Amino acid sequence: MKEDMLVSLDKIQKSYTLGQKPVHVLSGVNLDVAKGDFISIMGTSGSGKTTLLHIVGTLLQPDNGTYQLDGREIGSLSDRERSWIRAHWIGYVFQTFDLITEQDVWHNVAMPYLYRGETKAEVGRQVDAAIDVVGLSERRHHRPAELSGGEMQRVAIARALSIAPKLILADEPTGNLDDDNSKEILNLLRRLNDGGATIILVTHDQHVAGMTNRILTMKNGRLAS
Ligand SMILES: Nc1ncnc2c1ncn2[C@@H]1O[C@H](COP(=O)(O)OP(=O)(O)OP(=O)(O)O)[C@@H](O)[C@H]1O
Ligand SMILES: [Mg+2]
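Remember, predicted model here, so these are calculated numbers, not experimental data.

1. Observations concerning the environment of Thr217
The topology assignment puts Thr217 in strand 9 (residues 214-219). For the pair formed by Thr217 and Lys49, sequence separation is 168 residues and the distance between their alpha carbons is 9.1 Å. Here Thr217 is in contact with Met42, Gly43, Leu223 and Ala224, once residues within four sequence places are set aside.

2. Some points on the sheet that holds strand 2 (residues 21-34)
Across the sheet, 4 strands lie side by side as 2-1-4-5; this open sheet has antiparallel pairing. At either margin of the open sheet sits one strand with a lone partner, and together these are strand 2 and strand 5 (72-73). Here strand 1 (residues 5-18) runs beside strand 2; their pairing, made up of 11 bridges, is antiparallel. Counterpart to Leu9 in the pairing with strand 2 is Leu31.

3. Observations regarding unusual backbone geometry
Of note in this structure, Lys11 is not a glycine but carries a positive phi near 50 degrees. Relative to the elements of secondary structure, Lys11 occurs in strand 1. Of note, Ala164 is a non-glycine position whose phi angle comes to about 50 degrees, a positive value. Residue class for Ala164 comes out partly exposed when judged on the 15 C-beta atoms lying within 10 Å of it.

4. Focus: the site of ligand 1
Surveying the vicinity of ligand 1 reveals 13 residues, the closest of which are Tyr16, Ser45, Lys49, Thr50 and Thr51. Contributing elements (two or more residues each) for the shell around ligand 1: strand 1, strand 2 and helix 1 (49-56). Looking at the shell around ligand 1, the element that brings in the most residues is helix 1, giving 3 residues. Tallied by class, residues from the shell around ligand 1 come to 4 nonpolar, 8 polar and 1 charged.

5. Regarding the pairing of strand 1
Connecting strand 1 to the next strand, strand 2, in antiparallel fashion are 2 residues, including Gly19 with a positive phi near 65 degrees. By the bridge criterion, 5 bridges tie strand 1 to strand 4 (residues 64-69) in an arrangement that is antiparallel. Directly across from Gln13, in strand 4, lies its bridge partner Asn64.

6. Some details on the pairing of strand 7 (residues 167-171)
For strand 7, the tally of buried residues reaches 5 of 5 residues, placing the bulk of the element in the interior. Of the two faces of strand 7, both are covered, the one formed by Leu167, Leu169 and Asp171 as well as the one formed by Ile168 and Ala170. As judged from the 4 bridges shared by strand 6 (residues 90-93) and strand 7, these two strands associate in the parallel manner. Within the sheet, the bridge partner assigned to Tyr92 lies in strand 7 and is Leu169. In this sheet, strand 8 (residues 198-202) lies alongside strand 7 in parallel orientation, the contact comprising 5 bridges. Across the sheet, the residue bridging to Leu167 is Thr198, located in strand 8. At this point the chain moves from strand 7, through helix 6 (residues 179-194), to the parallel strand 8, and the crossover so formed is right-handed.

7. Describing the packing of helix 3 (residues 105-115) against helix 5 (residues 149-161)
Angle between the axes and distance between the axes are the two parameters that describe a pair of packed helices. Between helix 3 and helix 5, the shortest axis-to-axis distance is 7 Å and the interhelical angle comes to 35 degrees. Regarding helix 3 and helix 5, the two cross each other, and that crossing is right-handed. Contact residues: helix 3 offers Val105, Asn108, Val109, Met111 and Pro112, while helix 5 offers Val155, Ala158 and Arg159. Partitioned by chemical class, the residues of the contact of helix 3 with helix 5 number 6 nonpolar, 1 polar and 1 charged.

8. A closer look at the packing of helix 5 against helix 6
Taken N-terminus to C-terminus, the directions of helix 5 and helix 6 make an angle of 10 degrees; their axes are 10 Å apart at the nearest point. Classified by the angle their axes make, helix 5 and helix 6 are roughly parallel. Where helix 5 approaches helix 6, its residues Gly150, Gln153, Ile157 and Leu161 are matched on the opposing element by Asn181, Ile185, Leu188 and Leu192.

Conventions we followed
- Residues numbered from 1 in each chain as written.
- Chains lettered and ligands numbered in written order.
- Predicted model: local features only at pLDDT ≥ 70, side-chain atom pairs only at ≥ 80, totals over all residues.
- Helix = DSSP H or I, 4+ residues; strand = E, 2+ residues; numbered from the N terminus.
- Contact = placed C-beta atoms within 7 Å.
- Pairing = 2+ DSSP bridges.
- Buried ≥ 20, exposed ≤ 12 C-beta atoms within 10 Å, placed from the backbone.
- Near = placed C-beta within 6 Å.
- Nonpolar A, V, L, I, M, F, W, Y, C, P; charged D, E, K, R; others polar.
- Right-handed = clockwise from strand over helix to strand, strands pointing away.
- Axes fitted to C-alpha atoms, helices over the stretch in contact; angles between N-to-C directions.
- Left-handed = near helix turned anticlockwise from the far one by under 90°.
- Parallel < 35°, antiparallel > 145°, perpendicular 65-115°, else oblique.

So this is what it looks like as structure tokens:
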């Protein structure tokens, strides 16, 4: 049964230490996400949603519990193997966009390829295609400061999808956007999901969450449906 799961988390725990005091954030998270699924995670601010996405994105290691990504036990991999997985399988849309301010749209979207050791010249076509999907071809030479909030969000999505990831992790991709822009971002994610990408979306917006296949809520360090 677990073979059809892309993401499988079992009793994941995570605390941060701030000074001497531990901050318990995740206290036994179980999560199974099937290939091709599109789920959303809700929960109050500080409940651990971003922490969880960081673990699923292999950016952060849990203190306890097991994480299998496409059948691979992530905890037993080396740093190098984990960065390979990030570079080839995972598209991450960060809560804070994390665009490079000095570079234009095109070079921001081309960024993940540098982590794969491929040169920009080799990847021109895929980058152009990703920019086209989010409807920003006319803005390809704009830098982040020369874009609207919705456009910046779309650049972050284009960057995540330029590598055709198996798994897209989107942390509040519609935060700070008006209804029309939110709808556009969501339609974009839906199309990517139709194209086969598995998506985990964090949102505080009930309406946005309602458009995904399944809503889970982070509460007391655990996920509940
Ligand atoms: N590096 C860190 N060191 C110590 N505590 C941290 C660290 N990162 C996060 N925390 C704490 O862990 C808790 C969970 O943070 P997290 O960012 O996962 O929450 P969140 O659910 O994404 O919140 P939001 O909806 O506001 O984005 C918070 O209480 C936060 O203060
Ligand atoms: Mg967060």
